[in-house]
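Below are the chains, spelled out letter by letter.
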Amino acid sequence: MSEKRTSILGWLTLIAVLAAIWVMFGEGRQTSSIGRGEPLIAGLMDRVEQTQKIMLSKSGESLTIVANGSDWQIEERAFHKADASKVRGLLRSLALSERREPKTGNEARLERIGLGADALHVSLFDKDGKTLAALNIGNQRTGADGHSHAYVQVDFEPKSWLVTAVPALDLNIANWVDNKIIEINAERIKKIDFDLEDGIDYALVREVQGADFGLNDIKPGEKSVAGYSLNEAAALIADLSFHDVRKSRDDGVPHTVVTVSTFDGLLITLSIARSDDELWVSTQARYDIAVAQDGPPGEIYGAPDDGKLEADLYNERHDGWQYRLKESDLAKQTSERDTYIAKDE
């Protein structure tokens, strides 16, 4: 090959390499100084308090959170109360978010950073329906400063950005509500009764606080599992959360009734019924002074000052709603008696 031809091929190769580098990195460098350090949404800090509706959508599903006075409610769940602190946290993060690095506007490359057709889209609206902010949120990435950043693309902007403060978001209802059903100190629990529609009724019980739970009505030749396993069941029900929520319906087929009794007189009932091939939980509470007086002498650890008020507030929160538990939690609440019988080695 002649020296002249070799030189031409060398130049062509160099041009091809430079073109590839421009395709890969030219977009970001082209605007490397534009908007860097500026707010993600210009002026949002001054307008964010005007937000009256938040819409999140992804892959054909949506979640709409609307303001009602100082509260926030989830439209798709019959306006169940949302966790205001989580909603305010989202609004604050969008208002404080700053642009760090300009990124691609190329469709194929947007897909790789979570900003393609399946990106999570977030819109904020004021009371008149005017859009305050609208953007796609993609993948999270740890920045050079060690903090988590997100890839976003503001509507009608040609390019995406790596920005600060924006958290990972999803449409999981449990992440947008205070999803606690029961939230009491497990040391308060004296007894848990399990009334199974298709099984043997049983109870986990203890006589004093601090003791291990035992299985009631142990038959000759039987031995319950270790106390810590029974204690775990009590700890779970003392801090029970739901996975989904809906307005109460009376079309369910009874499955299990769980009754939690505390040393200080609180009785909580979980009525579990099958509806639409799923198990849903209704719950209510009452305060029984007789149970409290029948408890152990001395101060009861974790007991509230006003047991009746605690029960009333519990009912006010849960009346009219049904909850779906996570499968792992549901399995514990619907366990058969044999679950707590030790098996022969």
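Shown above is the structure to which this text applies.
Bear in mind that the values here come from a model prediction, so they are computed numbers and not experimental data.

## Here we look at the overall build of the chain
And then number 1: Counting its regular elements, the chain contains eight helices and 19 strands.
And then number 2: Counting only residues that meet the buried cut, the chain has 41% of its 345 residues in that class.
And then number 3: Within the chain, contacts between residues at least 6 apart in sequence are counted, and of these 64% link residues at least 24 apart.

## Overview of the packing of aromatic side chains
And then number 1: For the coordinates displayed, the defined rule picks out three aromatic pairs.
And then number 2: Plain terms: the ring middles of phenylalanine 194 and tyrosine 202 are 4.7 Å apart, the flat faces sit at 15° to each other, and that makes the pair stacked.
And then number 3: For tyrosine 202, a relative accessible area of 3% translates into the label buried.
And then number 4: With centroids separated by 5.9 Å and ring planes inclined at 50°, the aromatic side chains of tyrosine 202 and tyrosine 340 adopt a geometry described as tilted. Within this pair, whereas tyrosine 202 is found in strand S12 (residues 202-205), its partner tyrosine 340 is found in the segment after helix H8 (327-333), the two being separated by 138 residues in sequence. Taken individually, tyrosine 202 and tyrosine 340 each receive the classification buried, so the pair is uniform in this respect.
And then number 5: Counting every residue linked through ring pairs, the aromatic cluster contains Phe194, Tyr202 and Tyr340.
And then number 6: One Lys or Arg, lysine 53, reaches over the ring of phenylalanine 125 and ends 5.3 Å from the middle of that ring.
And then number 7: Above the plane of the ring of tryptophan 280 lies arginine 246, whose end atom (NZ or CZ) is 4.3 Å from the centre.

## Comments concerning helix H3 (residues 84-96)
And then number 1: In a regular helix each residue adds 1.5 Å, so 13 residues correspond to 18 Å; H3 covers 18 Å between its end C-alpha atoms and thus fits that length.
And then number 2: Residues of H3 that are buried: Ala84, Val87, Leu90, Leu91, Ser93, Leu94 and Ala95.
And then number 3: Looking at the buried positions of H3, the neighbouring elements they touch are helix H2 (44-47), strand S1 (53-58), strand S2 (61-68), strand S3 (71-74), strand S6 (120-125) and strand S7 (131-142).

## Description of unusual backbone geometry
Glycine aside, a negative phi is what most residues show, and trans is what most peptide bonds show.
And then number 1: Phi at serine 59 is positive, roughly 50°, even though this residue is not glycine.
And then number 2: At phenylalanine 79, a position not held by glycine, the phi torsion is positive, near 60°.
And then number 3: Look at phenylalanine 79 and you get partly exposed, because its relative accessible area is 40%.

## Things to note about helix H5 (residues 227-238)
And then number 1: Taking 1.5 Å as the rise per residue, H5 with 12 residues should run 16 Å; its terminal C-alpha atoms sit 17 Å apart, in good agreement.
And then number 2: Taken together, the buried positions of H5 are Gly227, Ser229, Leu230, Ala233, Ala234, Ile237 and Ala238.

## Let's talk about the pairing of S6
And then number 1: In terms of burial, S6 is a largely internal element, six of the six residues being buried.
And then number 2: Across five bridges, S1 lies against S6 in antiparallel orientation. Looking at the pairing, methionine 55 lines up with serine 123 of S6.
And then number 3: Direction of pairing for S6 relative to S7: antiparallel, over a ladder of six bridges. When the bridges of S7 are listed, histidine 121 appears paired with asparagine 136.

## Some remarks on the sheet that holds S2
And then number 1: Pairing in this open sheet of nine strands is antiparallel, and the strands run S4-S3-S2-S1-S6-S7-S8-S9-S5 from one edge to the other. The strands lining the two open edges of the sheet, one partner per strand, are strand S4 (80-81) and strand S5 (99-102).
And then number 2: Taken together, the four bridges between S2 and S3 define a ladder with antiparallel strand orientation. Counterpart to alanine 67 in the pairing with S3 is tryptophan 72.

## Some details on the side chain of serine 97
And then number 1: Inspection of the secondary structure assignment puts serine 97 in the loop between H3 and S5.
And then number 2: Looking at serine 97, its side chain comes within polar contact range of the main-chain oxygen of threonine 164, at 2.6 Å.

## Notes on the environment of alanine 82
And then number 1: Checked against the element boundaries, alanine 82 lands in the loop between S4 and H3.
And then number 2: Judged by relative accessible area, alanine 82 falls into the buried class, the value being 5%.
And then number 3: Apart from residues no more than four positions distant in its own chain, alanine 82 is found in contact with Ile65, Trp72, Gln73, Ile74, Val87, Trp176 and Val177.

## Observations regarding a negative patch on the surface
And then number 1: There is a patch of like negative charges on the surface, built from Asp195, Glu197, Asp198, Asp201, Glu336 and Asp338.
And then number 2: If you trace the backbone, aspartate 201 turns up in the loop between strand S11 (189-196) and S12.
And then number 3: Using a relative accessible area of 45% as the deciding quantity, one classes aspartate 201 as partly exposed.

## Some points on the pairing of S7
And then number 1: Here S6 hands over to S7 after five residues, with glycine 129 in that stretch at a positive phi of 85°.
And then number 2: The hairpin turn running from S7 into strand S8 (residues 148-154), its antiparallel successor, is five residues long, and glycine 146 in that turn takes a positive phi close to 85°.

## With respect to the pattern of salt bridges
And then number 1: For the structure on display, the rule yields 21 salt bridges.
And then number 2: We note a salt bridge from arginine 246 to aspartate 276, for which the minimum N-O separation is 3.9 Å. Linking arginine 246 in strand S15 (residues 244-247) with aspartate 276 in the loop between strand S17 (266-275) and strand S18 (278-287), this pair joins segments that are 30 residues apart in sequence.
And then number 3: In this structure, a network of salt bridges that share partners links the residues Arg77, Asp244, Glu278 and Arg324.

Analysis parameters
Each chain carries its own residue numbering, running from 1 in the written order of its sequence. Local features in this predicted model are restricted to residues of pLDDT 70 or higher, and side-chain atom pairs are both shown and tallied only at a pLDDT of 80 or more, whereas totals for entire chains, interfaces and linings draw on every residue. Side-chain descriptors were evaluated using all non-hydrogen atoms of the structure, hydrogens and water having been removed beforehand. Segments assigned H or I by DSSP are reported as helices when at least four residues long, segments assigned E as strands when at least two residues long, and all are numbered from the N terminus. For each residue, the accessible area found with a 1.4 Å probe, counting protein chains only, is set against the maximum for its type, and the residue is called buried under 20%, exposed over 50%, and partly exposed in between. Any two residues whose heavy atoms approach within 4.5 Å are treated as being in contact. Centres within 6.5 Å make a pair out of two Phe, Tyr or Trp rings, where for Trp the six-membered ring is used; the pair is then stacked when the planes are under 30 degrees apart, edge-to-face when over 60, and tilted otherwise. Placement of a positive charge over a ring is assigned whenever Lys NZ or Arg CZ falls within 6 Å of the ring centre and within 35 degrees of the normal to the ring plane. Under the convention used throughout, the expected extent of a helix is 1.5 Å for every residue step, that is, one less than its residue count. Strand pairing is assigned whenever DSSP detects at least two bridges linking the two strands. Here a polar contact is taken to be a pair of N or O atoms separated by no more than 3.5 Å, where protein atoms must pair a possible hydrogen donor with a possible acceptor and residues adjacent in sequence count only if both atoms sit in side chains. Only residues whose relative accessible area exceeds 30% and that form no salt bridge enter a patch; like-charged residues are grouped when within 9 Å of one another, and nonpolar side chains (Val, Leu, Ile, Met, Phe, Trp, Tyr) when within 5 Å. All accessible-area figures derive from a Shrake-Rupley calculation using a 1.4 Å probe, and residue coverage is judged against the displayed protein chains alone. Each salt bridge in this description consists of a side-chain nitrogen of Lys or Arg and a carboxyl oxygen of Asp or Glu lying within 4 Å of one another. Charge convention: Lys and Arg are scored as positive, Asp and Glu as negative, and His as well as the terminal groups of each chain are ignored. One atom stands in for each charge, and that atom is NZ of Lys, CZ of Arg, CG of Asp or CD of Glu.

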